[in-house]
Amino acid sequence: MNTVTRESATTWVPNEPPSVDWLGRNLDCGSCVNQGLLTEGKCQLAFSCVFDRYAKRIDRFFRWNPGLANDYLEHPYFEVRAVASRSADVFRLVGLMHDPDETVRLHVALRLPQRLLAELRNDPDREVRIRVAQRLDASMLVEMAGDPDYFVRKLVAQRLPLPLLPRMATDPDQEVRLAVASRLQVPALLALRNDPEVAVRRVVVDRLPIGLLADMADDPAWEVRWEVAQRADPSLARRLLHDDEAEVCEAARLRLTTLDSEARHG
């Protein structure tokens, strides 16, 4: 490994930080184990160096030398382990699945095969679990439906097989229920007609068959009734002409005009 020396490079790429190792010490190619790579033009101080603290330089090193990634999976600096994991052999990533640094586990989660990826469903870091929820086969996501982080659950709701999705209709977070409402089919969708959030009920109205909209024409929120008026059949639209909210009445009037025009030209 590189060591602190008296003769170190003092220049670096403009707009990039000074070239020092992960402990803040100056770097010197003269005592580096990769001197041969320097001669071959496969590494360059302050630009492409595996021992540099700056992740971009570490990344350049492995882009130039992907075959060396396996050799650095146990390096004490987490950035080296993380970047090396992008090019390392997949079977070597098992040892990094429970790495103490979440950045390393995040990179590993992007490459693990499904069987091993499933083991990270309960990772302590939300960013890792987010990647798992994005990559894991949908049939294996049900265990993440109760994840403590709402965004993880939202991703699960967007990908979970439809037969398993109704169990998420009572999720405590509005964003999750919105994702559920945007996918559920009738009759399961009916369970959300009385959701406490107006935004969720509006999505329900938008997706229900027209023949099932009547029950929502009495919704306490005028915004929901307005959505109903946008899609109502003639009978329901005429009923909404007498709504207490002017916006709903106007939407019903426009709906009747549209339906009449379609009838005359259809």
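Preceding block: the structure.
Rules behind the numbers
- Residues numbered from 1 in each chain as written.
- Predicted model: local features only at pLDDT ≥ 70, side-chain atom pairs only at ≥ 80, totals over all residues.
- Heavy atoms only, no water.
- Helix = DSSP H or I, 4+ residues; strand = E, 2+ residues; numbered from the N terminus.
- Axes fitted to C-alpha atoms, helices over the stretch in contact; angles between N-to-C directions.
- Parallel < 35°, antiparallel > 145°, perpendicular 65-115°, else oblique.
- Contact = heavy atoms within 4.5 Å.
- Nonpolar A, V, L, I, M, F, W, Y, C, P; charged D, E, K, R; others polar.
- Salt bridge = Lys/Arg side-chain N within 4 Å of Asp/Glu carboxyl O.
- Buried < 20%, exposed > 50% of the residue type's maximum accessible area, 1.4 Å probe, protein only.
- Core = buried A, V, L, I, M, F, W, Y, C linked by side-chain atoms within 4.5 Å.
- Polar contact = N/O pair within 3.5 Å; in protein donor to acceptor, adjacent residues only side chain to side chain.

Caption draft 1: Spotlight on unusual backbone geometry. With an omega of 10 degrees, the peptide bond running from Val 186 to Pro 187 counts as cis. Residue position: Pro 187 is located in the loop between α8 (174-181) and α9 (198-207). A positive phi is found at Ala 46, a non-glycine position, where the angle reads about 70 degrees. Structurally, Ala 46 is set in the loop between α1 (35-39) and α2 (55-64).

Caption draft 2: Layout of the packing of helix α7 (residues 150-159) against α8. Where α7 contacts α8, the axes come no closer than 8 Å and their chain directions differ by 5 degrees. Here α7 lies roughly parallel to α8, going by the angle between them. Two secondary-structure elements touch here, α7 through Tyr 150, Arg 153, Lys 154, Ala 157 and Gln 158 and α8 through Glu 175, Val 176, Ala 179 and Val 180. Class assignment for the residues of the contact of α7 with α8 results in 5 nonpolar, 1 polar and 3 charged.

Caption draft 3: Geometry of the pattern of salt bridges. Under the defined criterion, the tally for this structure stands at 24 salt bridges. For the salt bridge of Arg 131 with Glu 127, the shortest nitrogen-to-oxygen distance reads 3.9 Å. Taken together, the residues Arg 131 and Glu 127, both in helix α6 (residues 126-135) and 4 residues apart, mark about one turn of the helix. What makes Arg 131 partly exposed here is its relative accessible area of 24%. Classification of Glu 127 as partly exposed rests on a relative accessible area of 31%. Taking the shortest distance from any N to any O, the salt bridge between Arg 264 and Asp 260 comes out at 3.0 Å. Here Arg 264 pairs with Asp 260, and both are found in helix α12 (residues 246-265), just 4 residues apart, close to one helical turn. Among the ionic contacts, a cluster of salt bridges with common partners joins Glu 16, Asp 52, Arg 57 and Arg 60.

Caption draft 4: View of the nonpolar core. Judged by nonpolar contacts, the single largest core of 76 residues is most densely connected at Phe 62, Met 168, Val 180 and Leu 192. It is α8 that provides the largest number of residues to this core, a total of 5 residues. If we ignore the near neighbours within four places in the chain, the residues touching Val 180 are Ala 157, Leu 165, Met 168, Ala 169 and Leu 192.

Caption draft 5: Structural detail: α6. Taken as a whole, α6 has its buried residues at Val 128, Arg 129, Ile 130, Val 132 and Ala 133. Structurally, the start of α6 carries an N-cap: the backbone nitrogen of Glu 127 is 3.0 Å from a side-chain oxygen of Asp 125.

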